[in-house]
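# Residue-level structure breakdown
This is what each chain is made of:
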Amino acid sequence: MVKLAVAVDDADVYLSFAAELADAVRPIVLSYFRTPLDVISKPDASPVTIADRTVELHLRERIEARYPDHGIIGEEIGVKRGNAFTWVIDPIDGTKSFITGFPLFGTLISLTYEGQPFCGLIDAPATGERWMAKPGLTLFGGRLVRTSACKAIADARFYTTSPDMFANQDAEMFERLSRSAKLRRFGGDCYIYGLLASGHCDIVLETGLQPYDYMALVPIVQGAGGCITDWKGSPLSIHSEGRVLAAATPKLHAEALALINR
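Reading guide: rules and limits
- Residues numbered from 1 in each chain as written.
- Predicted model: local features only at pLDDT ≥ 70, side-chain atom pairs only at ≥ 80, totals over all residues.
- Heavy atoms only, no water.
- Pairing = 2+ DSSP bridges.
- Helix = DSSP H or I, 4+ residues; strand = E, 2+ residues; numbered from the N terminus.
- Axes fitted to C-alpha atoms, helices over the stretch in contact; angles between N-to-C directions.
- Contact = heavy atoms within 4.5 Å.
- Salt bridge = Lys/Arg side-chain N within 4 Å of Asp/Glu carboxyl O.
- Disulfide = S-S within 2.5 Å.
- Buried < 20%, exposed > 50% of the residue type's maximum accessible area, 1.4 Å probe, protein only.

### Notes on the sheet that holds strand β12 (residues 183-186)
Taken in spatial order, the 5 strands of this open sheet run β12-β11-β13-β15-β14, and their pairing is mixed. With partners counted over all chains shown, the strands left at the sheet margins are β12 and β14 (227-229), one partner each. Pairs of neighbouring strands in the sheet enclose a mean axial angle of 15°, with direction left out of account. Bridge analysis of β14 against strand β15 (residues 244-247) gives 3 bridges, and the strand direction is antiparallel. Bridge assignment links Thr-229 to a residue of β15, and that residue is Leu-245. Along the sheet, helix α4 (residues 169-180) contacts β11 (157-160), β12 and β13 (203-206); its crossing angle with β12, the most-contacted strand, is approximately 125°. On the sheet, helix α8 (residues 250-260) packs against β13, β14 and β15 and is oriented at approximately 145° with respect to β15.

Quick look at the structure:
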């Protein structure tokens, strides 16, 4: 875990503001959910809707009004440069789930300090659930949560959003790791990292993610006692390549890394 030169009291203030942001946009997200929407394919073939753009614009306006000197990175509107603090936001993480009526999508809001994750929030508008984290602490519904005590892949419950994420050698590695687990399940986007933080699953493996997909997840997993890194075991930052491994315990994480890099 990277140590940050930011006071605990500051973390409380920023996390409270992140909760205000999530409260403000949740009704907007739900107003579009399970309604007819025009879906546009972006250059990378991923889908986007008016809901994504509307929610991100609302988040950015509120952040700029409260913290005009802070930077912002968003999935749909891009980068606004600022000081050492940068908000990284994903208005609807899991747009494919959103447009098909599947309720386990989320709004991701995180704050980074000098490129490192600091505070994070996963809001699941359709279920009314929320994970929030600052250094050393993760809350779900206002209560402390902890990852499971699982230490062996043979005992682990494995999750990924989709096997389609993995191709060629990555697909072989995915099969090797996931088939070694006790149970494997698919689907859920950011929601599955919340499940890991709450102790309901033990390993999450994904690839092809962008900073707005994973930055909020780092404090969530770490604050609950878990480990989350890239596939080489390096800390995740704004500059990471988007290969993510999260595990409930350091021992489980180390075993998974060994299988990945075998």
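### Focus: the pattern of salt bridges
Under the definition given, this model contains 10 salt bridges. Measuring nitrogen to oxygen at the nearest pair gives 2.8 Å for the salt bridge that ties Asp-23 to Arg-130. Note that Asp-23 is positioned in helix α1 (residues 8-32) and Arg-130 in strand β8 (residues 129-134), a separation of 107 residues in sequence. Two residues, Arg-184 and Glu-175, come together in a salt bridge whose shortest N-O distance is 3.4 Å. Each of the salt bridges in this network shares a partner with another, and the network as a whole consists of Asp-23, Arg-26, Asp-123 and Arg-130.

### Some thoughts on the state of the cysteines
Counted by the stated rule, this structure contains 0 disulfides. Unpaired in this structure, Cys-119 has its nearest cysteine sulfur neighbour in Cys-190, at a distance of 17 Å. We note that Cys-201 lacks a disulfide partner, and the nearest cysteine sulfur, in Cys-150, lies 10 Å from it. Take Cys-201: its relative accessible area is 1%, and that puts it in the buried class.

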